[in-house]
Amino acid sequence: MTASVRDMPGPVLVVAAHPDDIEVHCGGTVATLVAQGVAVTCVLCTSGNRGTSDPEMTSEQLGTLREQEQRAAAEVLGVTDIRFLRHDDGDLAFVAPLLREELVRLIREVRPPTIITHDPYPGDGGQDSCSIYPDHLTVGGATFQAAYLCAPGPLFYPEHLRAGLEPFKPSLIYLTMSAHPDFFVDITAQWPVKLRAIQMHRSQGRHTPENDREMERIARENGQRAGVELAEAFRLLRPT
Ligand SMILES: [Zn+2]
């Protein structure tokens, strides 16, 4: 179904594994939400501190650099509320219990009817499944559990309640990188903004003409499925 961001009531919480995930997979949607006055909070579970093939680079330097790139990209999208959880890149599966607690706390604080995160379900084992990096699966799973199971339940993390946070249940979860998308957002009007935000991630080679072309190819493919020029694709879950 082609839908508009009117189906994404705010505030919206976007939870991603790495710097550049948000811009690549839902940057046009986020830019559209912000342009319409919807509050958006972006959460980066890692600072991408191992995403390099340069043996001279340290993880501290890279994490700092990628946070700078992420802040610059968020500024392009118009997002001002950005949180870094600073777990190590590639290790999220090993900190899943802590990650889930952090996400529950954020959901109870921000109280977002709408969450955007990675699809926790791997693809069909084909080549495209290789793009579903383990951190993405962990973030998708932890966020889904946090939103669906834990944040609404007062017996999960009662210390949050003692600290003044109330239980909260998000009503819509939009999953990016899904093998089975069923919800498409027309991002044609925000395409230049999305591309400029992606280009801020220079350490990942996201500023090259080749990357521009690849991003446009994906957006056009999604657009064809949605009957518009350029689109982003999601799978929509409604926790009941
Ligand atoms: Zn990623």
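This text goes with the structure placed above it.
Residues numbered from 1 in each chain as written. Predicted model: local features only at pLDDT ≥ 70, side-chain atom pairs only at ≥ 80, totals over all residues.

Colleague: Looking at this structure, I do not really get helix α2 (residues 59-77). What am I missing?
Modeller: Each α-helix winds once per 3.6 residues, and so residues spaced three or four apart point in a common direction. Helix length check: α2 (19 residues) gives 26 Å between terminal C-alpha atoms against 27 Å at 1.5 Å per residue, within 8%. Those residues of α2 hidden inside the fold are in contact with α1 (21-35), β3 (40-46), β4 (81-87) and α6 (191-199). Count one or two residues on from α2 and you reach Gly78, which has phi positive near 95°. (Helix = DSSP H or I, 4+ residues; strand = E, 2+ residues; numbered from the N terminus. Expected span 1.5 Å × (residues − 1). Contact = placed C-beta atoms within 7 Å.)

Colleague: Explanation requested: the packing of α1 against α6 in the structure shown.
Modeller: What describes two packed helices is the angle between their axes and the distance between those same axes. Relative orientation of the contacting elements α1 and α6 amounts to 140°, with a least axis distance of 9 Å. Taken together, α1 and α6 sit at an angle that is classed as oblique. In the crossing of α1 with α6, the sense of the turn from one axis to the other is right-handed. Only Trp191, Val193, Lys194, Ala197 and Ile198 of α6 make contact with α1, whose side of the interface consists of Glu23, Val24, Gly27, Gly28 and Ala31. When the residues that make up the contact of α1 with α6 are grouped by side-chain class, the tally is six nonpolar, two polar and two charged. (Axes fitted to C-alpha atoms, helices over the stretch in contact; angles between N-to-C directions. Parallel < 35°, antiparallel > 145°, perpendicular 65-115°, else oblique. Left-handed = near helix turned anticlockwise from the far one by under 90°. Nonpolar A, V, L, I, M, F, W, Y, C, P; charged D, E, K, R; others polar.)

Colleague: Please clarify how α1 should be interpreted in this entry.
Modeller: Between its first and last C-alpha atoms α1 spans 20 Å; for 15 residues at 1.5 Å apiece the expected length is 21 Å, and the two agree. Gly27 marks where α1 bends most, by close to 80°. Within α1, 14 of the 15 residues are buried, which leaves the element mostly enclosed by the surrounding structure. At the C-terminal side of α1, Gly37 shows a positive phi close to 85°. (Bend = angle between axes of the 7 residues up to and from the residue. Buried ≥ 20, exposed ≤ 12 C-beta atoms within 10 Å, placed from the backbone.)

Colleague: Mind showing me how you'd approach the pairing of strand β5 (residues 114-118) here?
Modeller: Along any regular strand the residues' side chains alternate between the sheet's two faces. With five of five residues buried, β5 is to be regarded as a mostly interior element. Examined bridge by bridge, strand β2 (residues 12-16) and β5 share three bridges and lie parallel to one another. Counterpart to Leu13 in the pairing with β5 is Ile115. Here β5 pairs with strand β6 (residues 172-176) via five bridges, running parallel. Residue pairing across strands places Ile115 opposite Ile173, the latter belonging to β6. (Pairing = 2+ DSSP bridges.)

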